[in-house]
Structure formats: C-alpha cells, structure tokens
Amino acid sequence: MAKKIVSDLQVKGKKVLIRVDFNVPMKNGVITDDTRVRAALPTIEYVVNNGGKAIVFSHLGRVKEEADILKNDIAPVAKRLEELIKKPVKFVNATRGKELEDAVNQLKEGEILMFQNTRYEDYDVQAQKETKYESKNNAELGAYWASLGDVFVNDAFGTAHRAAASNVGIAANVKETAAGFLLEKEIKFIGGAVDEPKRPYVAILGGSKVSDKIGVIEALIAKADKILVGGAMMFTFLKAQGYNIGASRCEEDKLDLAKDLLAKANGKIVLPVDAVVNKAFEDVPGVNKSIDAFDADDMGLDIGSKTLELFAENLNGAKTVVWNGPMGVFEMKNYAAGTIGVCELLAKLTTEGAQTIIGGGDSAAAAEQLGYASKVSHISTGGGASLEYLEGKVLPGIACVDEI
Ligand code: ADP
Ligand code: MG
C-alpha cells in the first residue's frame with residue numbers, strides 16, 4: 001500500500017497545487033520561527049526545478065471573527081518563502097476570484113504563486129459570520145481550488161487529521177493527488193511503526209495528562225512490547241497502584257481508568273521507581289527520591305536516576321522506539337535530566353540501527369531545544385496529527401493521497 005509521492009508526478013508545464021503547513025508562530029506580523037517554511041522547501045523546489053508551476057497555500061492560525069483576518073495575514077510568510085527559496089513568489093491577497101485566477105493562468109514553468117490564508121474562507125466578512133468553509137470542507141470551495149490546478153500535492157501533516165477543503169476537498173476534485181516529501185516522511189516513519197514495527201517495539205510516554213493520551217496508550221498496549229511511562233502522567237498510574245505521590249500532579253478522575261489500563265497492559269507498562277521532587281513548582285535543585293518515600297508536600301517534577309537505568313534496560317536492543325511527551329518539566333533546567341536522558345538513549349539506539357521516532361509538540365520541541373533533532377530517525381511535524389496517527393486512526397489528509 002504505497003502512496004504516490006510528488007516525485008512520481010509529471011509536473012512539467014502543469015499547474016501544481018501544493019498544500020503546505022506554513023502555520024508559523026508570529027508576533028505582531030513578524031515570524032518568530034520559520035522552521036515550517038524551511039521544511040516545505042524540498043517539495044516546492046522539486047516542483048519548480050522540474051518545470052511545474054507552483055501554487056502554494058496554507059492556513060495560518062484560526063479565523064473566527066473579523067479581527068482574526070488582519071492578525072493572520074499570510075503575506076509575511078510568502079515574503080519569507082521568497083527569501084529562502086531565492087526566487088520571486090507572486091503573492092495574491094485573496095483566496096478566490098479573478099485576480100487569483102488570472103495570476104494562476106499567467107504562471108510560467110518554474111514560477112511560484114502563493115495565495116492568502118486558506119482559513120480566510122472560514123469567515124464571511126460581508127455577512128459577518130463564521131462559515132468554516134475551509135475547516136468544515138465545504139464541497140464548493142474544494143472543487144473551486146481544485147479547478148485552479150492540474151495536480152495536487154499535499155505536504156501538510158499538521159492538519160492531516162482533519163478533513164478540510166484544502167486537503168480532501170481538493171483531492172476529491174483533481175485527477176492526481178500525491179504526498180509531498182514531508183508527508184512522505186511521516187508516512188514512512190509513523191505509518192511504518194503503526195503498520196509493521198520492527199521488534200522489540202518500545203514506546204515511551206510522558207507529558208502532562210493521561211486523559212490527553214488514552215487513545216494512544218490503548219493502541220500501544222495492543223501493539224508495543226513495552227510502554228515506559230514518565231512525565232506528570234506517571235503519578236496518576238502510581239497513585240492508582242496505591243503509592244503516596246505527595247503533591248505531584250494527578251488526575252483524580254482518571255485513577256480507575258489508569259487501573260484498567262494497567263490491568264489490560266498485563267505487565268507491558270513500566271512505571272518509574274524514583275523521581276526528582278521539590279516542595280514547589282520552581283526551578284531550584286530537587287531531591288532524588290524513591291517513589292515509596294514521598295512526603296505529603298513532595299512534588300515530582302522529573303523521573304529519577306534509577307528510573308533512567310530501568311528505562312535503559314527496557315530499551316536495550318529495541319528496533320522501533322516511539323516517544324511522546326517529556327519525562328519531566330524540561331523547561332526548568334533542574335528537571336530536564338530525565339528528558340535529556342531519554343534523548344541520549346534514543347540517540348544511541350539510532351546509531352545501533354533502531355528506528356527512533358518523536359511525536360508530539362512539546363517532546364519535539366524538547367528534542368530540538370536540547371540538540372537531539374539530528375540524532376533520531378524522525379521528529380514528527382504534527383502534534384495532534386501524530387498522536388492520532390499513532391493511535392492507528394485513518395488520517396483524512398493521508399487517505400486522500402492516491403495509492404500507487
Ligand atoms: P507533548 O506535547 O509532547 O504531547 P504534553 O503536552 O502532553 O507533551 O506535555 C508536556 C508538558 O508536560 C510540559 O510542559 C512539561 O513541563 C509537563 N510535565 C512533564 N512532567 C511533568 C511533571 N512531573 N509535573 C508537571 N508537569 C510536567
Ligand atoms: Mg503538548
């Protein structure tokens with residue numbers, strides 16, 4: 001079940017619609033991180049270097065009211081694309097209409113056009129109401145965008161878990177739909193881990209809440225050989241087992257669920273044996289304590305050193321490793337050791353030939369910030385999308401890509 005990739009398409013002389021993820025962080029109209037623009041370059045470059053006419057578009061932020069329109073003007077991103085790709089990018093400040101159609105028809109081989117934020121279609125300025133034509137996949141809108149091009153390339157993984165006019169709506173109305181190189185990588189690594197993981201397959205889960213990740217935990221119980229749990233969510237599991245977790249973060253209403261999951265996992269879930277605790281949520285050195293020795297005012301903010309050893313033993317020889325959710329409050333340097341330790345373990349396993357995959361907004365940010373981005377096999381570009389993909393759900397933005 002292989003998917004068609006942009007490099008499988010004949011793009012010469014064709015108008016190629018390219019849905020990218022340019023949902024970059026902005027402050028007062030200035031881009032604060034252009035990673036997503038850089039990440040999309042290979043796909044756009046492939047199209048223009050092979051004589052295609054690139055029509056590039058993306059959503060930016062959410063557009064629910066008139067004020068969101070000015071705030072989420074995507075023009076600065078088109079400018080940045082122009083700087084990075086070192087070619088002119090013709091920007092059209094509209095999402096439909098004659099100006100856009102004329103500009104598209106005037107495109108020559110190798111040229112690039114970008115149009116306005118697709119989510120401008122979520123709000124009707126004249127009627128002053130939210131329409132969600134883009135986000136709710138209005139059929140007419142998808143057909144209209146499709147009519148602007150000859151073939152469609154979806155390279156936006158971050159929104160692949162939602163059916164929008166700019167992904168499935170277009171795909172339903174063009175002859176050919178392929179994945180861009182970024183989406184290809186997500187399919188290869190996350191899709192690979194879901195469909196046919198090389199074993200042993202070990203998952204590492206952390207982050208803030210069990211409730212955010214129930215679907216993933218259940219899917220991994222069925223699929224993975226071991227699930228190592230850290231982060232704040234470890235305390236809900238530990239409390240469910242009867243431990244005194246002091247003042248650590250816990251979801252009281254998820255204790256029964258945690259018990260059920262532990263029972264279902266039948267020994268696959270590995271819980272920490274120690275943690276680094278502090279008396280308050282602040283960045284001062286903590287104390288490494290065994291999880292059966294917490295005082296009432298101890299707050300666990302990271303996994304402990306014995307736990308890291310335990311995780312290392314369980315990861316030994318792993319062939320597929322998926323990691324979601326930081327092991328502790330890595331934003332504070334005194335509580336980053338567990339997350340750094342896991343990054344180290346993944347880096348080592350990568351050199352030993354394992355497929356190591358990081359999914360999730362904060363875990364990906366942690367790995368990048370700590371300098372491990374190039375030392376693992378794959379860092380997913382999606383937050384919610386990578387979680388749903390890991391759960392084994394069908395993502396509409398991937399399902400709409402042609403099979404080869
Ligand atoms: P991801 O985005 O990778 O899925 P989450 O959003 O679930 O991860 O969780 C990330 C957050 O969890 C981080 O901000 C981190 O500080 C927090 N966190 C991790 N461990 C703890 C802990 N022991 N106590 C409180 N917060 C924690
Ligand atoms: Mg997060």
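Read on for an overview of the structure. This structure is a prediction, so every number in the text was calculated from the model and none was measured.

The next thing to look at is the overall build of the chain. Of regular secondary structure, the chain possesses 15 helices and 19 strands. Compactness check: the chain gives a C-alpha radius of gyration of 23 Å against a globular reference of 22 Å for 404 residues, within 12% of the reference. Across the 404 residues that make up the chain, the buried fraction comes to 54%. Long-range pairs, those at least 24 residues apart, make up 73% of the contacts in the chain between residues at least 6 apart in sequence. For the chain, the accessible area works out to roughly 17400 Å², and carbon and sulfur atoms hold 49% of it.

A few words on the site of ligand 1. The immediate surroundings of ligand 1 are formed by 19 residues, with Lys213, Gly300, Glu331, Asp362 and Ser363 found nearest. At 2.7 Å, a side-chain N or O of Lys213 approaches an oxygen atom of ligand 1. Asn324 is positioned such that a nitrogen or oxygen atom in its side chain is 3.4 Å from an oxygen atom of ligand 1. Notes on ligand 1: free accessible area 590 Å², of which the protein chains cover 87%. Mapped onto the shell around ligand 1, the elements with two or more residues apiece are strand 16 (299-303) and helix 13 (361-369).

Our next topic: the pairing of strand 11 (residues 201-205). The buried count for strand 11 comes to 5 of 5 residues, which makes it a mostly enclosed element. Here strand 11 shows no split at all, with Tyr201, Ala203 and Leu205 on one side and Val202 and Ile204 on the other all buried. As paired strands, strand 11 and strand 12 (residues 226-229) are joined by 4 bridges and run parallel to one another. Each residue of the ladder has a partner; that of Leu205, found in strand 12, is Val229.

In this section: the pattern of salt bridges. According to the stated counting rule, one finds 27 salt bridges in the structure shown. A salt bridge links Glu403 to Lys3, with the nearest nitrogen and oxygen atoms 3.1 Å apart. Placement of the pair is Glu403 in the segment after helix 15 (396-399) and Lys3 in the segment before strand 1 (15-19), with a sequence separation of 400 residues. Owing to a relative accessible area of 37%, Glu403 belongs among the partly exposed residues under this scheme. Between Lys239 and Glu252 there is a salt bridge, with its nearest N and O atoms 3.0 Å apart. Note that Lys239 is positioned in helix 9 (residues 233-240) and Glu252 in the loop between helix 9 and helix 10 (255-265), a separation of 13 residues in sequence. On the basis of relative accessible area, Lys239 is assigned to the partly exposed category, the value being 31%.

The next subject is the nonpolar core. In this structure, Phe22, Ile44, Leu81 and Phe237 are the most contacted members of the largest nonpolar core, which totals 102 residues. If near-sequence neighbours (up to four positions away) are discounted, Ile44 is found in contact with Ile18, Val20, Phe22, Ala54, Val56, Leu81, Ile85 and Ile112. Leu17, Val104, Phe152 and Val174 belong to the second-largest nonpolar core, a separate cluster that totals 23 residues.

So, about the sheet that holds strand 5 (residues 89-92). Spatially, 5-6-4-1-9-10 is the arrangement adopted by the 6 strands of the open sheet, whose pairing is parallel. The strands lining the two open edges of the sheet, one partner per strand, are strand 5 and strand 10 (176-179). Across the sheet, the mean angle separating the axes of adjacent strands is 25° when strand polarity is ignored. Where strand 5 lies against strand 6 (residues 112-115), 4 bridges are found, and the strand directions are parallel. Looking at the pairing, Val92 lines up with Phe115 of strand 6.

What follows is about the packing of helix 8 (residues 214-223) against helix 10. Where helix 8 contacts helix 10, the axes come no closer than 10 Å and their chain directions differ by 15°. Considering their axes alone, helix 8 and helix 10 lie roughly parallel with respect to each other. The handedness of the crossing between helix 8 and helix 10 is left-handed. Across the interface between the two elements, Ile214, Ile217, Glu218 and Ile221 of helix 8 pack against Leu257, Leu261, Lys264 and Ala265 of helix 10. For the contact of helix 8 with helix 10, a count of residues per class yields 6 nonpolar, no polar and 2 charged.

Once that is clear, we can look at the side chain of Lys4. Mapped onto the elements, Lys4 comes out in the segment before strand 1. Since its relative accessible area comes to 14%, Lys4 is described here as buried. Those residues within four positions of Lys4 in sequence are excluded, and the remaining contacts are Leu9, Glu176, Thr177, Ala178, Ala179, Val401, Asp402, Glu403 and Ile404.

Let's shift gears to the environment of Gly359. One can find Gly359 in the loop between strand 18 (355-358) and helix 13. Separated by 21 residues in the primary sequence, Gly359 and Ser380 have C-alpha atoms spaced 5.0 Å apart. Excluding residues within four positions of it along the chain, Gly359 makes contact with Trp323, Asn324, Gly325, Ser380 and Ser386.

A few words on the pairing of strand 4 (residues 53-57). Burial analysis of strand 4 places 5 of its 5 residues in the buried class, the great majority of the element. Along strand 4, one buried face is formed by Lys53, Ile55 and Phe57 and the opposite face, lined by Ala54 and Val56, is buried too. Direction of pairing for strand 1 relative to strand 4: parallel, over a ladder of 5 bridges. Bridge pairing links Val16 to Ala54 in strand 4. Alignment of strand 4 against strand 6, held across 3 bridges, turns out to be parallel. Residue Val56 lies in a different strand from strand 6, and its bridge partner there is Met114.

Our next topic: the sheet that holds strand 13 (residues 269-270). On the basis of which strands lie adjacent, the open sheet formed by 6 strands has the order 13-12-11-17-18-19 and parallel pairing. Of all strands in the sheet, those with a lone pairing partner are strand 13 and strand 19 (378-379), marking the two edges. Two elements, strand 11 and strand 17 (residues 320-324), share 5 bridges in a ladder whose sense is parallel. Within the sheet, the bridge partner assigned to Val202 lies in strand 17 and is Val321.

Rules of the game
Residues numbered from 1 in each chain as written. Chains lettered and ligands numbered in written order. Predicted model: local features only at pLDDT ≥ 70, side-chain atom pairs only at ≥ 80, totals over all residues. Heavy atoms only, no water. Helix = DSSP H or I, 4+ residues; strand = E, 2+ residues; numbered from the N terminus. Rg over C-alpha atoms; globule rule 2.2 N^0.38 Å. Buried < 20%, exposed > 50% of the residue type's maximum accessible area, 1.4 Å probe, protein only. Contact = heavy atoms within 4.5 Å. Areas by Shrake-Rupley, 256 points an atom, 1.4 Å probe, with all protein chains shown as cover. Near = heavy atom within 4 Å. Polar contact = N/O pair within 3.5 Å; in protein donor to acceptor, adjacent residues only side chain to side chain. Pairing = 2+ DSSP bridges. Salt bridge = Lys/Arg side-chain N within 4 Å of Asp/Glu carboxyl O. Core = buried A, V, L, I, M, F, W, Y, C linked by side-chain atoms within 4.5 Å. Axes fitted to C-alpha atoms, helices over the stretch in contact; angles between N-to-C directions. Parallel < 35°, antiparallel > 145°, perpendicular 65-115°, else oblique. Left-handed = near helix turned anticlockwise from the far one by under 90°. Nonpolar A, V, L, I, M, F, W, Y, C, P; charged D, E, K, R; others polar.

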